[in-house]
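If you want the building blocks of each chain, they are given just below.
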Amino acid sequence: AQSVSQHNHHVILSEAASLELGCNYSYGGTVNLFWYVQYPGQHLQLLLKYFSGDPLVKGIKGFEAEFIKSKFSFNLRKPSVQWSDTAEYFCAVNAERDDKIIFGKGTRLHILP
Amino acid sequence: GAGVSQTPSNKVTEKGKYVELRCDPISGHTALYWYRQSLGQGPEFLIYFQGTGAADDSGLPNDRFFAVRPEGSVSTLKIQRTERGDSAVYLCASSLTSFSEQYFGPGTRLTVT
């Protein structure tokens, strides 16, 4: 069965700091990988996704993630965070040709102005 | 255009009662998903519809939970004999086709007292 582990439950940073949120998954086959974000009071929305091709994926709002197959990892990065990045971030995976998405427990990111 | 909508936004019910939660997907989306998010956890898959049929109901926790999508659009999640452990946010998502991006609704917060 697939599972997703997010390393940090709560991260606090100052504006302009660099961000890296860790994510590891367990599944032996081909996977699709996602990062979702939930801003305060808003719906879950897709930040970026990896299906195939270039393992460095760029998403909205300056976020990027790198798929390292040998490490089963898909870490999220942003070089300089803003106060508006305060949100909860979820890493997720689904096995190729399987519709259900398996989510991690989420990381609450709090950016200090 | 309109996104996924869910009603009610909040539902408080007494233990043992029956509840129905409604999801209106994005118009034209053939796939519809239900997830449940408990406090401090990521969304957990419940059931997936392709058209009118439940293609995968492996995430339903027990036979008190049932979902329908009779005309291939609106879906209703039904919970019988509610228990306090059913308290969670129930999320609905839809996608244009199977294996394409899922768009999430705002969720229904269910509280069982």
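Being a predicted model, the structure only gives us computed values, none of them experimental.

S.K.: Can you explain the layout of surface pockets? Please cite residues and give values.
M.R.: When its volume is computed, the largest pocket comes out at roughly 770 Å³. Looking at the largest pocket, it is lined by 33 residues, and the ones nearest its centre are Gln 38, Glu 88 and Arg 108 of chain A together with Gln 37 and Arg 109 of chain B. Broken down by secondary-structure element, the contributors of at least two residues to the lining of the largest pocket are strand 10 (87-95) and strand 12 (107-112) of chain A together with strand 9 (88-95) and strand 11 (108-112) of chain B. The biggest single contributor to the lining of the largest pocket is strand 11 of chain B, with four residues. Looking at side-chain class alone, the lining of the largest pocket contains ten nonpolar, 19 polar and four charged residues. Here the second largest pocket defines a volume of roughly 190 Å³.

S.K.: Could you give me a rundown of empty space enclosed by the protein, with the residues and numbers involved?
M.R.: Evaluated as defined, the whole model comprises one cavity of 30 Å³ or more. Taken together, Asn 32, Phe 34, Tyr 36, Phe 51, Asn 94, Asp 98, Asp 99 and Ile 101 of chain A together with Phe 99, Ser 100, Glu 101 and Gln 102 of chain B make up the full set of residues lining the largest cavity. In terms of residue count, strand 5 (residues 31-38) of chain A provides more of the lining of the largest cavity than any other element does, three residues in total. The residue inventory of the lining of the largest cavity, partitioned by class, reads five nonpolar, four polar and three charged.

S.K.: Give me the lowdown on the state of the cysteines, citing residues and values where you can.
M.R.: Here, disulfide denotes a covalent bond that connects the sulfur atoms of two cysteines. Residues and elements named next belong to chain A. Evaluated as defined, the whole model comprises two disulfides over all chains. Two residues, Cys 23 and Cys 91, share a disulfide whose sulfurs are 1.9 Å apart. Since a negative S-S torsion denotes a left-handed disulfide, the Cys 23-Cys 91 link at about -70° is left-handed. Here Cys 23 is found in strand 4 (residues 23-26), whereas its partner Cys 91 is found in strand 10, with 68 residues between them in sequence. Judged by its relative accessible area of 0%, Cys 91 is buried.

S.K.: Pulling in residues and values, what's your account of the packing of aromatic side chains?
M.R.: Residue and element names in this part refer to chain A. Here the structure, examined in full by the defined rule, presents 15 aromatic pairs over all chains. Aromatic side chains Tyr 25 and Phe 72 sit 5.5 Å apart centroid to centroid with 70° between the ring planes, which places their arrangement in the edge-to-face category. Linking Tyr 25 in strand 4 with Phe 72 in the loop between strand 8 (64-68) and strand 9 (73-78), this pair joins segments that are 47 residues apart in sequence. Given the relative accessible area of 36%, Phe 72 is considered partly exposed. With a centroid separation of 5.4 Å and 50° between ring planes, the pair formed by Tyr 36 and Phe 103 is classed as tilted. Of the two residues, Tyr 36 sits in strand 5 while Phe 103 sits in strand 11 (residues 102-103), which places them 67 residues apart along the sequence. Judged by relative accessible area, Tyr 36 falls into the buried class, the value being 1%.

S.K.: Explain the pairing of strand 8 of chain A to me, using residue names and the numbers behind them.
M.R.: All names here are of chain A. Two strands pair when backbone bridges link them, and strand 7 (residues 56-58) and strand 8 are joined in this way by three bridges, in the antiparallel orientation. The residue of strand 8 that forms the bridge with Leu 56 is Glu 66. Between the end of strand 7 and the start of strand 8, which pair antiparallel, lie five residues, with Lys 61 showing a positive phi angle near 60°. In the sheet, strand 8 pairs with strand 9 via five bridges, with the strands oriented antiparallel. Bridge pairing in strand 9 links Ile 68 to Ser 73.

About the cut-offs
- Residues numbered from 1 in each chain as written.
- Chains lettered and ligands numbered in written order.
- Predicted model: local features only at pLDDT ≥ 70, side-chain atom pairs only at ≥ 80, totals over all residues.
- Heavy atoms only, no water.
- 1 Å grid on protein atoms, 1.4 Å probe; cavity = no way out; pocket = protein on both sides within 12 Å on 5 of 7 lines; lining within 4 Å.
- Points joined across faces, edges and corners; volume = space filled by probe spheres on them.
- Helix = DSSP H or I, 4+ residues; strand = E, 2+ residues; numbered from the N terminus.
- Nonpolar A, V, L, I, M, F, W, Y, C, P; charged D, E, K, R; others polar.
- Disulfide = S-S within 2.5 Å.
- Buried < 20%, exposed > 50% of the residue type's maximum accessible area, 1.4 Å probe, protein only.
- Phe/Tyr/Trp six-rings, centres within 6.5 Å; stacked < 30°, edge-to-face > 60°.
- Pairing = 2+ DSSP bridges.

The analysis is restricted to geometry; functional conclusions fall outside its scope.
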